[in-house]
Amino acid sequence: MKYTEEHEWLQVEGEIVTVGITAHAAEQLGDVVFVELPEVGSEVTKDDEIVVIESVKAASDILAPLDGEVVEVNEAIVDEPNKVNDDPEGEAWFFKLKVSDMSPMDDYMDAAGYKDFIG
C-alpha cells in the first residue's frame with residue numbers, strides 16, 4: 001500500500017489501483033454525511049478533483065492520484081457515508097482506476113513514511 005500527502009491510500013492489483021482515504025483523514029473529517037463519487041468510465045488526470053466528501057466538520061475533495069480510467073466506484077459509501085468512518089482503509093474504498101503508467105507510484109510514501117508524515 002502507498003500513501004499520498006493528501007491522505008489517500010493506494011492499493012495496486014495489476015493495472016488497477018484502489019483509492020480510499022486513511023484512518024487519519026477520516027478522523028480529521030469527523031462524521032462523514034455525504035460522498036459524491038466519479039462516473040464509471042471517466043478519464044481522469046492526476047490531481048483532478050474527482051470525489052466530494054462532506055462531514056459534520058468540513059467539505060473536502062479527493063484528488064486523482066494518477067492518470068487513468070475510473071473502472072469501479074463503491075456505491076455502498078454513497079448509501080451509507082458513515083462507513084468511511086467505520087472502515088476507511090478497508091470496505092470504505094472510494095474508486096478503482098485502471099492505470100497505464102504506474103511510475104508515479106514511486107513518488108508516494110510507504111506505511112512508515114506516511115506515519116512519519118502525520119507525526
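For the structure, see preceding data.
I will try to describe carefully the structure that is included in this document. (Residues numbered from 1 in each chain as written. Predicted model: local features only at pLDDT ≥ 70, side-chain atom pairs only at ≥ 80, totals over all residues. Heavy atoms only, no water.)

### Regarding helix H4 (residues 111-118)
- Among the residues of H4, the N-terminal cap falls to aspartate 110, whose side-chain oxygen and the backbone nitrogen of alanine 112 are separated by 3.3 Å.
- A positive backbone phi angle near 80 degrees is found at glycine 119, which sits one or two residues after H4. (Polar contact = N/O pair within 3.5 Å; in protein donor to acceptor, adjacent residues only side chain to side chain. Helix = DSSP H or I, 4+ residues; strand = E, 2+ residues; numbered from the N terminus.)

### A few points about the side chain of lysine 96
- Position of lysine 96 among the secondary structure elements: in strand S9 (residues 95-98).
- We classify lysine 96 as buried; its relative accessible area is 18%.
- Apart from the residues within four sequence positions on either side, lysine 96 is in contact with Ile16, Val17, Thr18, Glu69, Val70, Val71 and Glu72. (Buried < 20%, exposed > 50% of the residue type's maximum accessible area, 1.4 Å probe, protein only. Contact = heavy atoms within 4.5 Å.)

### Some thoughts on the sheet that holds strand S8 (residues 68-73)
- On the basis of which strands lie adjacent, the open sheet formed by 6 strands has the order S1-S2-S3-S9-S8-S5 and antiparallel pairing. In this open sheet, the two strands that pair with only one neighbour each are strand S1 (2-3) and strand S5 (43-44).
- With 4 bridges connecting them, strand S3 (residues 16-21) and S9 associate as antiparallel partners. Bridge pairing links valine 19 to phenylalanine 95 in S9. (Pairing = 2+ DSSP bridges.)

### Description of the sheet that holds strand S7 (residues 59-63)
- The 3 strands are arranged S4-S6-S7 in an open sheet whose pairing can be described as antiparallel. Every interior strand has two partners, whereas the edge strands, strand S4 (32-36) and S7, have only one. Within this sheet the neighbouring strands show an average axis-to-axis angle of 25 degrees, counted without direction.
- Looking at chain direction, S4 and strand S6 (residues 49-55) are connected through 4 bridges and run antiparallel. By the bridge assignment, phenylalanine 34 is partnered in S6 with glutamate 54. (Axes fitted to C-alpha atoms, helices over the stretch in contact; angles between N-to-C directions.)

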